[in-house]
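Residue strings, one per chain:
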Amino acid sequence: MTEAIPLVGGRGTRLRPLTVHTPKPMLPAAGVPFLTHQLARARAAGVEHIVLATSYLAEVFEPHFGDGSALGLHLEYVTEEEPLGTGGAIRNVASRLHSGPDEPVLVFNGDILTGLDIGALVRTHETSGADVSLHLTRVTDPRAYGLVPTDGAGRVLAFLEKPQTPEEIVTDQINAGAYVFRRSVIDTIPAGRAVSVERETFPGLLAAGAHLQGMVDSTYWLDLGTPAAFVRGSADLVLGKAPSPAVPGRCGDRLVLPTARVAPDAKLAGGTVVGEGAFVAEGARVFGSTILPGAVIEPGAVVTDSLIGTRARVGERAVLSGAVIGDGAVIGAHNELREGVRVWCDARIPAGAVRFSSDQ
């Protein structure tokens with residue numbers, strides 16, 4: 001296998017306001033755009049040629065990655081004029097592939113952080129003679145996912161969309177968002193219209209008697225579709241819980257990028273990242289959070305499990321927990337923002353305006 005297609009066209013609506021100015025795969029995780037980690041892992045598995053299926057804010061990708069030579073890759077970019085879904089996006093880039101009809105092509109979603117053994121998935125695909133092979137993972141509560149039951153040999157039996165009753169939960173195996181396609185199968189996907197591989201392509205192949213193989217790999221897996229998950233994924237990369245050859249530094253409790261400044265008595269822990277040009281002032285405490293480039297954390301502020309946007313400012317002795325602060329926003333001193341709050345880009349919250357506890 002030498003080719004791959006990352007599906008990076010989604011609008012990232014669950015991650016707004018983080019994705020107002022930046023497409024989801026380009027949001028910094030552990031100091032670099034999240035897509036960098038995926039590309040580096042694909043390269044480590046032997047992939048050489050990658051065609052990015054882009055759509056939303058497509059113009060952002062190529063200026064950053066160029067031709068891919070810095071990562072040892074040859075990158076190409078194909079932009080959808082209209083959203084085509086997962087299957088439509090794969091079909092839309094097919095003309096750029098070089099593989100022969102029976103050769104394997106790796107396809108992966110652009111928002112999944114995983115420790116998947118890509119080589120093992122390719123070997124499973126080749127030894128089983130499958131038309132498509134799927135990475136499956138096991139989850140404790142599968143109700144939010146599509147279930148993929150398999151037989152004793154790993155052959156896929158069905159695709160069951162999000163179960164609603166206990167009787168419908170026939171397996172804890174879910175589609176984990178990475179596939180190996182036989183090249184010729186990609187050409188059977190209808191061109192020029194929206195197609196979902198999960199709801200149309202895979203069930204259609206199964207109904208036609210195609211061989212779909214599942215490989216359960218229950219190493220690290222996280223869907224980064226929500227702000228809380230994205231912050232956790234970045235921290236896990238820094239802590240070394242999630243593997244990536246692209247982390248710009250040694251794994252540990254903190255990652256401070258070269259031009260960032262941190263006061264000597266500020267405390268950083270839990271996989272915190274301080275981005276380029278950011279500043280964490282004296283007495284501040286930051287745990288398990290991502291501070292994006294140019295952001296400022298003022299003296300005595302406490303930031304936990306939060307993401308602070310580019311050039312945003314958190315005021316003196318403000319307390320943030322599970323918060324998302326958009327690019328350029330200003331949180332005045334002594335505010336208290338708790339779980340789930342999202343402050344939009346360039347918004348300004350005056351000093352002492354928001355609290356979740358008394359002022360005593």
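Residues numbered from 1 in each chain as written. Predicted model: local features only at pLDDT ≥ 70, side-chain atom pairs only at ≥ 80, totals over all residues. Heavy atoms only, no water.

Let us look at the pattern of salt bridges. Here the structure, examined in full by the defined rule, presents twelve salt bridges. Shared partners join several salt bridges into a network, and the residues in it are Asp-102, Asp-131 and Arg-182. (Salt bridge = Lys/Arg side-chain N within 4 Å of Asp/Glu carboxyl O.)

A few words now on the sheet that holds strand β19 (residues 296-297). Read across the sheet, six strands follow the order β13-β16-β19-β22-β25-β28 without closing on themselves; strand pairing throughout is parallel. If you trace the sheet from one side to the other, it starts and ends with β13 (261-262) and β28 (348-349), each paired once. Sheet topology note: the strand β22 (residues 313-314)/strand β25 (residues 330-331) ladder contains two bridges and is parallel. Looking at β25, one finds that Arg-313 is bridged to Val-330. (Pairing = 2+ DSSP bridges. Helix = DSSP H or I, 4+ residues; strand = E, 2+ residues; numbered from the N terminus.)

Across the six residues that make up strand β4 (residues 49-54), a large majority, six, are buried. One ladder, built from three bridges, connects strand β1 (residues 3-7) with β4; its direction is parallel. When the sheet's bridge partners are listed, Ala-4 is paired in β4 with Ile-50. Both β4 and strand β5 (residues 74-79) contribute to a ladder of six bridges, which runs parallel. Bridge assignment links Val-51 to a residue of β5, and that residue is Glu-76. (Buried < 20%, exposed > 50% of the residue type's maximum accessible area, 1.4 Å probe, protein only.)

Ile-5, Ile-90, Val-132, Leu-134, Phe-181, Phe-202 and Leu-212 are the most contacted members of the largest nonpolar core, which has 29 residues in total. Elements with a minimum of two residues in this core: β1, β4, α3 (85-92), β6 (104-109), β8 (132-138), β9 (173-182), α5 (183-186) and α6 (197-207). Leave out the neighbours within four places in its chain, and Ile-5 touches Val-51, Ala-53, Ile-90, Val-93, Leu-97, Val-105, Leu-106, Val-107, Phe-108 and Ile-186. Counting residues in each nonpolar core, the second largest holds 26 residues, with Ala-263, Ala-278, Ala-323 and Ile-349 among its members. (Core = buried A, V, L, I, M, F, W, Y, C linked by side-chain atoms within 4.5 Å. Contact = heavy atoms within 4.5 Å.)

This paragraph deals with the packing of aromatic side chains. All chains considered together, the criterion is met by five aromatic pairs. Consider the rings of Tyr-145 and Trp-221, whose centres lie 5.9 Å apart with planes at 70°: the pair is edge-to-face. Of this pair, Tyr-145 sits in the loop between β8 and β9 while Trp-221 sits in strand β11 (residues 221-223), placing them 76 residues apart in sequence. The buried category is assigned to Trp-221, whose relative accessible area is 14%. (Phe/Tyr/Trp six-rings, centres within 6.5 Å; stacked < 30°, edge-to-face > 60°.)

Moving on to unusual backbone geometry. Each neighbour pair has its own omega, and for Arg-16 with Pro-17 the value is 15°, a cis peptide bond. Inspection of the secondary structure puts Pro-17 in the loop between β1 and β2 (28-29). Residues other than glycine seldom take positive phi values, yet Ala-30 does so here, at roughly 55°. If you trace the backbone, Ala-30 turns up in the loop between β2 and β3 (32-33). Its identity is not glycine, yet Leu-57 carries a phi of approximately 50°, on the positive side. Within the secondary structure, Leu-57 sits in the loop between β4 and α2 (61-65).

Here Leu-136 lies in strand β8. Residues Leu-136 and Ala-153, spaced 17 residues apart in sequence, show a C-alpha to C-alpha distance of 14 Å. Discounting chain neighbours no more than four positions away, the residues touching Leu-136 are Val-148, Thr-150, Gln-173, Ile-174, Asn-175, Ala-176, Gly-214, Met-215, Val-216 and Asp-217.

Taken by themselves, the reported measurements are silent on function.
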